[in-house]
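Summary of the model geometry
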Amino acid sequence: TLYAVAAAVHDASAPASVFAGIRDRADPRLVLADRVEQLYGQMWLGILTTFAIGGIATFEFWDETLRELVLFWWGLVLVISVASAALLFSYRRSADRAANAAQWLRWLGIAALAMGATWGFAAAVFFPSHTDQQQVFLAFLLAGMMSGGIPVYAASWRIFALYAAGIVAPFTYVLATFGNRLFVELALLVPMFYVINVAIACRLTQVFHSGYPLRHA
């Protein structure tokens, strides 16, 4: 009986040890190249979403007294969208993208931070300047843009953290300095939501990482 139990335990643990051995034999450079490929494969979703929602937000924020500021922000959205699309195009055209995966990952991190900072700029500028209804609209929009970055940057939680920090940091500052007790309380909650989202992204990244090495064993 003891022998049978020991055999069953050995059989149950065998697949885990096999997978661990496969992960250890995988080439880290190929694994990184796969991660970068996944991130760039999702990048077009972020570009289209930023452009489309940016257009809707521009229409909502339009005001004759803020016309130049709104147009400036819409120009930022266009510049970031075009620059991100150019980066994606360059990656797809690159013949040695797998060999330079680390550099492409850094460029993607810069693009993600710039995209998040664009929405953070909207929070810092437009939230104090509009009515209660538009403030609710902006808060909902920012929450959606932050959480929507999780599937786009799921293969790298650090890039998601950069992207979301660009949104959360200015928004939290505006809420904390707005002079309303309710907004101050919200300013305490927003970083908590940020940490929760980063934790979710981190867990998804771990799930992705556990699968990539199996392709290159």
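Look a little higher up for the structure.
What comes next is a walk through the structure. (Residues numbered from 1 in each chain as written. Predicted model: local features only at pLDDT ≥ 70, side-chain atom pairs only at ≥ 80, totals over all residues. Heavy atoms only, no water.)

With respect to the secondary-structure elements, Leu 188 resides in helix 7 (residues 181-211). With relative accessibility at 61%, the residue Leu 188 sits in the exposed group. Expressed as a C-alpha distance, the spacing of Leu 188 and Thr 172, which sit 16 residues apart in the sequence, is 7.8 Å. (Helix = DSSP H or I, 4+ residues; strand = E, 2+ residues; numbered from the N terminus. Buried < 20%, exposed > 50% of the residue type's maximum accessible area, 1.4 Å probe, protein only.)

What follows is about the layout of surface pockets. Of the volumes computed, that of the largest pocket is approximately 310 Å³. In terms of lining, the largest pocket is formed by 17 residues, of which the most central are Ala 139, Ala 143, Phe 171, Leu 175 and Val 190. For the lining of the largest pocket, the elements supplying multiple residues, two or more each, are helix 5 (132-152), helix 6 (157-177) and helix 7. Considering every element that reaches the lining of the largest pocket, the biggest residue donor is helix 5, with seven residues. Of the residues belonging to the lining of the largest pocket, the class tally is 15 nonpolar, one polar and one charged. (1 Å grid on protein atoms, 1.4 Å probe; cavity = no way out; pocket = protein on both sides within 12 Å on 5 of 7 lines; lining within 4 Å. Points joined across faces, edges and corners; volume = space filled by probe spheres on them. Nonpolar A, V, L, I, M, F, W, Y, C, P; charged D, E, K, R; others polar.)

Quick look at helix 3 (residues 67-93) now. Here helix 3 is 27 residues long and its end C-alpha atoms lie 39 Å apart, about the 39 Å a rise of 1.5 Å per residue gives. Where helix 3 is concerned, the buried positions are Val 70, Trp 73, Trp 74, Val 77, Ile 80, Ser 81, Ser 84, Leu 87, Leu 88 and Tyr 91. For helix 3, the secondary structure elements touched by its buried residues are helix 2 (28-61) and helix 4 (101-126). (Expected span 1.5 Å × (residues − 1). Contact = heavy atoms within 4.5 Å.)

For the rest of this paragraph, the subject is the nonpolar core. Formed by 55 residues in total, the largest nonpolar core has its most connected members in Tyr 40, Tyr 153 and Phe 160. Broken down by secondary-structure element, the contributors of at least two residues to this core are helix 2, helix 3, helix 4, helix 5, helix 6 and helix 7. Considering each element in turn, this core owes the most residues, twelve residues, to helix 4. Excluding residues within four positions of it along the chain, Tyr 40 makes contact with Leu 87, Leu 88, Tyr 91, Arg 92, Trp 104, Trp 107 and Leu 108. (Core = buried A, V, L, I, M, F, W, Y, C linked by side-chain atoms within 4.5 Å.)

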